[in-house]
Amino acid sequence: MTTAATILVEAAIGMAAGGGLYGVAVYSTGLVLFGLIVIGWAADRLNLKRRIMVFRITTSHANNVAPKCNNCWLG
């Protein structure tokens, strides 16, 4: 979500700068950078980015799936 929102805001800032609204572009850039720094700090502080995920794949054709799967445990 953050990446998509950042790309969208960057496009809007680029359009503002291209339209001659330099003050709006500079203010928006500062606001977005501040927000991303705060979000990054909060994510690190609250351990939101690190997740251990385990997937279990079951199939009757394990020999065909194993070569296509990296770091898989087939048991």
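In what follows, the structure referred to is the one given above.
Procedures and definitions
Residues numbered from 1 in each chain as written. Predicted model: local features only at pLDDT ≥ 70, side-chain atom pairs only at ≥ 80, totals over all residues. Heavy atoms only, no water. Helix = DSSP H or I, 4+ residues; strand = E, 2+ residues; numbered from the N terminus. Buried < 20%, exposed > 50% of the residue type's maximum accessible area, 1.4 Å probe, protein only. Contact = heavy atoms within 4.5 Å. Axes fitted to C-alpha atoms, helices over the stretch in contact; angles between N-to-C directions. Parallel < 35°, antiparallel > 145°, perpendicular 65-115°, else oblique. Left-handed = near helix turned anticlockwise from the far one by under 90°. Nonpolar A, V, L, I, M, F, W, Y, C, P; charged D, E, K, R; others polar. Expected span 1.5 Å × (residues − 1).

Draft legend 1. Up close: the environment of Leu36. Within the secondary structure, Leu36 sits in helix H2 (residues 22–45). Given a relative accessible area of 31%, Leu36 falls into the partly exposed group. What Leu36 contacts, discounting residues up to four positions off in sequence, is Thr2 and Thr6.

Draft legend 2. Fine view of the packing of helix H1 (residues 2–18) against H2. The N-to-C vectors of H1 and H2 enclose an angle of 165°; their axes lie 8 Å apart at closest approach. Regarding the angle of H1 to H2, the classification is roughly antiparallel. Here H1 and H2 pass one another in a crossing that is left-handed. Of the residues in H2, those touching H1 at Thr2, Thr6, Val9, Ile13, Ala16 and Ala17 are Tyr22, Val24, Ala25, Ser28, Thr29, Val32 and Leu36. In terms of residue class, the contact of H1 with H2 is built from nine nonpolar, four polar and no charged.

Draft legend 3. Region of the structure containing H2. With 24 residues, H2 ought to run about 34 Å at 1.5 Å a step, and its terminal C-alpha atoms sit 34 Å apart, in line with that. Listed as buried for H2 are Ala25, Gly40 and Ala43. Each element contacted by the buried residues of H2 is listed here: H1. One or two residues past the end of H2 sits Asn47, with phi positive at roughly 55°.

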